[in-house]
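Each chain is listed here by its residues.
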Amino acid sequence: MHVVFLGTPAFACTVLDALHEAEDVDIALVVSQPDRPRSRGRVTPTPVKERAQALGYSVITPPSVNAPDVVAQIEACAPDFLIVVAFGQLIGRHLLEAFPGRILNVHASLLPAYRGAAPIERALMSGADETGVSIMRIVRALDAGDVLAADAVPMDDNTTLDALQESMAKCGATLLLDTLRHFPARDAARVAQDDAKATYAEKLTSADSPLDWTRPARLLVRQVHALADGPGAKTRRGEDVLRIHEAHAEADGENARPGTVVRADKNGIAVATGDGLLVIDRLQAPNRKALAARDFLNGDPIRVGECLSVEGRP
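Residues numbered from 1 in each chain as written. Predicted model: local features only at pLDDT ≥ 70, side-chain atom pairs only at ≥ 80, totals over all residues. Heavy atoms only, no water.

What follows concerns the sheet that holds strand E5 (residues 59-60). The mixed open sheet is built from 7 strands, whose spatial order is E5-E2-E1-E6-E7-E9-E10. What marks the edges here is a single partner per strand, and that holds for E5 and strand E10 (147-154). Pairing geometry for strand E1 (residues 2-7) and strand E6 (residues 81-85), over 5 bridges, is parallel. Looking across to E6, one finds that Val3 is bridged to Phe81. (Pairing = 2+ DSSP bridges. Helix = DSSP H or I, 4+ residues; strand = E, 2+ residues; numbered from the N terminus.)

Turning next to the packing of aromatic side chains. A complete count under the given rule lists 1 aromatic pair for this structure. Judged by centre distance (4.8 Å) and plane angle (70 degrees), the rings of Phe81 and Phe183 are edge-to-face. Placement of Phe81 in strand E6 and of Phe183 in helix H7 (residues 183-188) is noted, with a sequence separation of 102 residues between them. Note on accessibility: Phe81 and Phe183 belong to one class, buried. (Phe/Tyr/Trp six-rings, centres within 6.5 Å; stacked < 30°, edge-to-face > 60°. Buried < 20%, exposed > 50% of the residue type's maximum accessible area, 1.4 Å probe, protein only.)

Given 3.6 residues per turn, any residue in an α-helix points the same way as the ones three and four places further on. Burial runs high along helix H8 (residues 217-226): 9 of the 10 residues are buried. Taken residue by residue, H8 has Ala217, Leu219, Leu220, Val221, Arg222, Gln223, Val224, His225 and Ala226 as its buried positions. In the core, the buried residues of H8 are packed alongside helix H5 (119-126), helix H6 (161-181), strand E12 (233-237), strand E13 (240-250) and strand E16 (277-284). (Contact = heavy atoms within 4.5 Å.)

Here the focus is the packing of helix H1 (residues 10-21) against helix H2 (residues 47-55). As a packed pair, H1 and H2 sit with axes 8 Å apart at the nearest point and diverge in direction by 25 degrees. Accordingly, the angle class assigned to the pair H1 and H2 is roughly parallel. Two packed elements cross with a definite hand, and for H1 against H2 that hand is right-handed. Facing Ala10, Ala12, Cys13, Leu16, Asp17 and His20 of H1, the residues of H2 in contact are Pro47, Val48, Arg51, Ala52 and Leu55. The residue inventory of the contact of H1 with H2, partitioned by class, reads 8 nonpolar, 1 polar and 2 charged. (Axes fitted to C-alpha atoms, helices over the stretch in contact; angles between N-to-C directions. Parallel < 35°, antiparallel > 145°, perpendicular 65-115°, else oblique. Left-handed = near helix turned anticlockwise from the far one by under 90°. Nonpolar A, V, L, I, M, F, W, Y, C, P; charged D, E, K, R; others polar.)

Once that is clear, we can look at the layout of surface pockets. Put simply, the largest pocket is a space of about 1400 Å³. As for the largest pocket, its lining consists of 42 residues, of which Ala86, Phe87, Gly88, Ala117 and Ala118 are closest to the centre. A breakdown of the residues in the lining of the largest pocket according to their chemical character gives 24 nonpolar, 11 polar and 7 charged. (1 Å grid on protein atoms, 1.4 Å probe; cavity = no way out; pocket = protein on both sides within 12 Å on 5 of 7 lines; lining within 4 Å. Points joined across faces, edges and corners; volume = space filled by probe spheres on them.)

To continue, consider the pattern of salt bridges. Taken as a whole and judged by the stated rule, the model has 19 salt bridges. For Asp24, the salt bridge is made with Arg181, and the minimal N-O distance between the two is 2.8 Å. Within this pair, whereas Asp24 is found in the loop between H1 and strand E2 (26-31), its partner Arg181 is found in helix H6, the two being separated by 157 residues in sequence. Put simply, Arg237 and Glu306 hold a salt bridge, and the shortest N to O gap is 2.9 Å. Taken together, the residues Arg237 in strand E12 and Glu306 in the segment after helix H9 (293-299) connect sequence positions 69 residues apart. Note on Arg237: relative accessible area 16%, which makes it buried. Residue class for Glu306 comes out partly exposed when judged on its relative accessible area of 21%. Salt bridges sharing partners connect three or more residues here, namely Arg137, Asp146, Asp187 and Arg190. (Salt bridge = Lys/Arg side-chain N within 4 Å of Asp/Glu carboxyl O.)

This paragraph deals with the side chain of Thr8. With respect to the element layout, Thr8 can be found in the loop between E1 and H1. You can call Thr8 buried: its relative accessible area is 13%. In contact with Thr8, not counting residues within four places along its chain, are Ser32, Gln33, Thr46, Pro47, Val48, Val85, Ala86 and Phe87.

Here we take up the environment of Ala290. Structurally, Ala290 is set in the loop between E16 and strand E17 (291-292). With 14 residues separating them in the primary sequence, Ala290 and Val304 have C-alpha atoms 21 Å apart.

The next thing to look at is a nonpolar patch on the surface. Among the surface-exposed residues, Leu90, Leu142 and Tyr200 lie close enough to one another that they form a single nonpolar patch of about 350 Å² accessible area. Inspection of the secondary structure assignment puts Leu142 in the loop between strand E9 (130-137) and E10. (Patch = residues over 30% accessible without salt bridge, like charges linked within 9 Å, V, L, I, M, F, W, Y side chains within 5 Å. Areas by Shrake-Rupley, 256 points an atom, 1.4 Å probe, with all protein chains shown as cover.)

When you tally the buried positions in E9, you get 6 out of 8 residues, the bulk of the element. Note that strand E7 (residues 103-107) and E9 share 4 bridges and pair antiparallel. Directly across from Asn105, in E9, lies its bridge partner Met136. When E9 meets E10, the two strands line up antiparallel, connected through 7 bridges. Along E10, the bridge assignment pairs Glu130 with Pro154.

Written as structure tokens, this is what we have:
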């Protein structure tokens, strides 16, 4: 099978590696997003571009995959399938018409749940005990194409974003290869999505950062995990906004107002919530590096009885 692969983040690299290792798949071309400033203004390639070049593939990084010259370059590869994994650009009419029913997307949710930009993070924040991966046909509507295959991935309150992404990427790679190898049967049995049941996973923004201490500790921990690679989970301490990098939940033996610090020692900073304690394991003050709680307390003691608040609120 000859394929053109379109992807951008590290999540997509796992799928790219699986296709590379498959003896019955030939990757004719890799398409990724353009190089952009990412760290201290340095222009760096996307994870997929970097990985593809290391594997010896030809890579292009067009501002628009739908530009006529790019479409022509993809068509010249004569691929059996276009494989799209977290690419970050919409596939336009010309490519859809050139490869009808043969542009497949590895989407990180059990569609029609969590269509959109941040399905893994939103599922983790939801408190559910599973999410999943779907292989779908790409159509012009966002993540609305027929589903050829799907598989569930478990998660719990201790699941970190990195661990969940890794599990889902491996699941997606396995599911994709199975779909490609049994394509006629999978395509014949594809299932249309029920748009009435669709939910949307909007991109994470700073509006998702504030920790609402009236919520259960287990959901706040999931919020910390889900925001780890993005805007971060945050709380206000006086005039400062603290970013919480790592935390875990404990049963609540205290009867304190949500947001109140009930313990601050080498084992972490325990804060009362609407149900249970959120124990902060690693945090960051403004203009400082992230520190383990015990090291943070050595330089900036947080006292039992202090009350943390939702960022922007008294």
